[in-house]
Amino acid sequence: MAPAQVRDPRPIVISGPSGVGKGTLYKLLFQRHPDTFTLSVSHTTRGPRPGEQDGVDYHFVTKEAFLDLKAKDGFVESAQFGDNLYGTSKATIEEQTAKGKTVVLDIEVEGVKQIQASGFPARYVFIAPPSDEELEKRLRGRGTEKEDSIQKRLKQAKVELEYSKVPGVHDRIIVNDDLEKAYKELEEFVFAEPASTT
Ligand SMILES: Nc1ncnc2c1ncn2[C@@H]1O[C@H](COP(=O)(O)OP(=O)(O)OP(=O)(O)O)[C@@H](O)[C@H]1O
């Protein structure tokens, strides 16, 4: 069977609370459709951690270079975490799209708002948990967070879930209850004809 083609060239913005399963879902999409998608590589002013590669994990830049690009309106979204700046550059998305890849962005609610305000064309998918309890269970079950980080993420989850209720923000809301069912919904959305996803 010939590989499926994504017919809509716009990048796909995936958001949803931490621990809901965004990464799990888009990694499945990448695995099952090799050479079709690419995760957007962000710019950051933080230094690389051992094993991180420039241009693969992040585009590592100086604060000066970052602010210069920002002043030139080069980012669709950017944010500061601690002392470090992070952003998704328009050029990165455009270069990957020109190579025939569908760019996937995994970002939080402030980033979603910025991209929407920028007018950059994109498709928006929100991944929702089946319940607050299940979200907490997944966050704990993943075993990657300390208690204070879990509490912070659960608090932020409320903000994300509230924003997902604003009409017209997302093109599709997928409840990640049964993983395979949620995956099928995501796949169907991603490969749909452009007219039916707007
Ligand atoms: N449908 C599902 N049912 C049960 N567990 C799931 C499901 N989807 C994902 N998980 C599990 O939930 C945990 C969180 O998933 P994942 O790391 O993909 O979340 P995330 O939304 O990408 O989080 P973050 O934003 O913090 O990166 C993982 O342990 C994953 O295996």
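Keep in mind it's a predicted model, so treat the numbers as computed, not measured.

Engineer: Even after reading the chapter, I still don't get the nonpolar core, so can you show me in this structure?
Structural biologist: One broad trend across soluble globular proteins is that nonpolar side chains are buried collectively. Core analysis: the largest hydrophobic core is formed by 24 residues, its most contacted members being Ile14, Leu29, Phe37, Val125, Ile127, Leu186 and Val190. At five residues, the largest contribution of residues to this core is made by helix H7 (residues 179-190). Residues within four places of Leu186 in sequence aside, it is in contact with Ile14, Leu25, Leu29, Val125 and Ile174. Core analysis: the second largest hydrophobic core is formed by 14 residues, Val13, Val76, Phe120 and Tyr124 among them.

Engineer: What is the right way to look at the site of the ligand in this model?
Structural biologist: Around the ligand sit 14 residues, and of these Ser18, Lys22, Gly23, Thr24 and Asn176 come closest. Taking Asn176, its side chain carries an N or O atom lying 2.8 Å from a nitrogen atom of the ligand. When the free accessible area of the ligand is taken as 650 Å², the share hidden by the protein chains comes to 71%. According to the grid-proximity analysis, the pocket containing the ligand is the largest pocket. Only helix H1 (22-32) and helix H5 (132-142) provide two or more residues apiece to the shell around the ligand. Here the element with the most residues in the shell around the ligand is H1; it accounts for three residues. Considered class by class, the residues forming the shell around the ligand number three nonpolar, six polar and five charged.

Engineer: For this particular structure, what's the right way to read the pairing of strand E7 (residues 102-106)?
Structural biologist: Two faces belong to every sheet, and in a regular strand the side chains alternate between them. Burial runs high along E7: four of the five residues are buried. Bridge count between strand E1 (residues 12-15) and E7: three bridges; the pairing is parallel. Each bridged residue has a counterpart across the sheet, and for Ile14 the counterpart in E7 is Asp106.

Engineer: It is not clear to me how unusual backbone geometry should be interpreted in this structure. Could you clarify?
Structural biologist: Of all residues except glycine, most have a negative phi; of all peptide bonds, most are trans. The phi angle at Asp35 is positive, at roughly 65 degrees, despite the residue not being glycine. Inspection of the secondary structure puts Asp35 in the loop between H1 and strand E2 (37-39). When its relative accessible area of 66% is taken as the criterion, Asp35 is described as exposed. Here Asp73, not a glycine, exhibits a phi torsion of approximately 60 degrees, which is positive. In this structure, Asp73 sits in the loop between helix H2 (63-71) and strand E5 (75-81).

Engineer: Looking at this structure, how should I read the packing of helix H4 (residues 109-118) against helix H6 (residues 147-164)?
Structural biologist: Helix-helix packing: each pair is described by the crossing angle between the helix axes and the interaxial distance. Packing of H4 against H6 leaves a shortest axis separation of 10 Å and a crossing angle of 35 degrees. In this structure, H4 contributes Val109, Val112, Lys113 and Gln116 to the contact, and H6 contributes Gln156, Val159, Glu160 and Tyr163. For the contact of H4 with H6, the per-class residue count stands at four nonpolar, two polar and two charged.

Engineer: Help me understand the side chain of Thr102 in this model?
Structural biologist: Its place among the elements puts Thr102 in strand E7. Here Thr102 is in contact with Val6, Arg10, Ile12, Thr36, Phe37 and Thr38, once residues within four sequence places are set aside.

Engineer: Got a minute to help me understand the pattern of salt bridges in this structure?
Structural biologist: Side chains that differ in charge, positive against negative, can pair when their charged atoms come close. Scanning the model with the defined rule gives 17 salt bridges in all. The partner of Glu147 in a salt bridge is Arg140, with the nearest N and O atoms 2.8 Å apart. Judged by its relative accessible area of 35%, Arg140 falls in the partly exposed class. Within this structure, Asp8, Arg10 and Arg123 form a network of salt bridges that share partners.

Engineer: How should I be thinking about the side chain of Asn176 in this particular structure?
Structural biologist: Turning to its location among the elements, Asn176 is positioned in the loop between strand E9 (172-175) and H7. One polar contact links the side chain of Asn176 to the main-chain carbonyl oxygen of Val20, over a distance of 2.7 Å. The residues contacting Asn176, other than those within four sequence positions of it, are Val20, Gly21, Leu25, Ile127, Ala128, Pro130, Arg138 and Ala182.

Engineer: Explain the sheet that holds E1 to me, please; I cannot follow it from the model alone.
Structural biologist: Picture the strands of a sheet paired through backbone hydrogen bonds; they go either parallel or antiparallel. A sheet is described by the order of its strands in space; here five strands give the open sequence E2-E7-E1-E8-E9, paired in parallel fashion. Where the open sheet ends on each side, the last strands, each with one partner, are E2 and E9. Adjacent strand axes in the sheet meet at a mean angle of 25 degrees, parallel and antiparallel pairs treated alike. Strand direction decides the pairing type here: E1 and strand E8 (residues 123-128), joined by four bridges, are parallel. Following the sheet pairing, Ile14 is matched in E8 by Val125.

The rules behind each value
Sequence order as written defines the numbering, with residues in each chain counted from 1. Local features are withheld for residues below a pLDDT of 70 in this predicted model, meaning they are given only at 70 or higher, and side-chain atom pairs are given and counted only at 80 or more; totals for whole chains, interfaces and linings count all residues. Side-chain figures throughout are based on the complete set of non-hydrogen atoms in the structure, without hydrogens or water. We call a set of buried residues a nonpolar core when its members are Ala, Val, Leu, Ile, Met, Phe, Trp, Tyr or Cys and they connect through side-chain atoms within 4.5 Å of each other. When a residue's accessible area, from a 1.4 Å probe over protein chains only, is under 20% of the maximum for its type it is buried; when over 50% it is exposed; and in between it is partly exposed. The secondary structure listing takes helices from DSSP runs of H or I that are at least 4 residues long and strands from runs of E that are at least 2 residues long, numbered from the N terminus. Should any heavy atoms of two residues lie within 4.5 Å, those residues are considered in contact. Here a residue is near a molecule or strand as soon as one of its heavy atoms is found within 4 Å of it. For this analysis, a polar contact is any N or O atom pair within 3.5 Å, provided that within protein one partner can donate a hydrogen and the other can accept it, and provided that sequence-adjacent residues contribute only side-chain to side-chain pairs. Computed by Shrake-Rupley with a 1.4 Å probe, the accessible areas treat only the displayed protein chains as cover when residues are assessed. Buried and open spaces are told apart on a 1 Å grid over the protein atoms alone, a cavity being a set of points where a 1.4 Å probe fits but cannot get out and a pocket being an open set with protein on both sides within 12 Å along at least five of seven lines. Residues with an atom within 4 Å of a point are the lining residues. Each molecule is checked against the cavity or pocket grid, and it sits inside if more than half of its atoms lie within 2 Å of the grid points. Following the grouping adopted for this structure description, the nonpolar residues are Ala, Val, Leu, Ile, Met, Phe, Trp, Tyr, Cys and Pro, the charged ones are Asp, Glu, Lys and Arg, and the polar ones are all others, Gly among them. Strands are treated as partners if at least two bridges between them are detected by DSSP. Here the axes come from fitting lines to C-alpha atoms, over the contacting stretch only for helices, and the angles between their N-to-C directions go from 0 to 180 degrees. We define a salt bridge as a side-chain nitrogen of Lys or Arg found within 4 Å of a carboxyl oxygen belonging to Asp or Glu.

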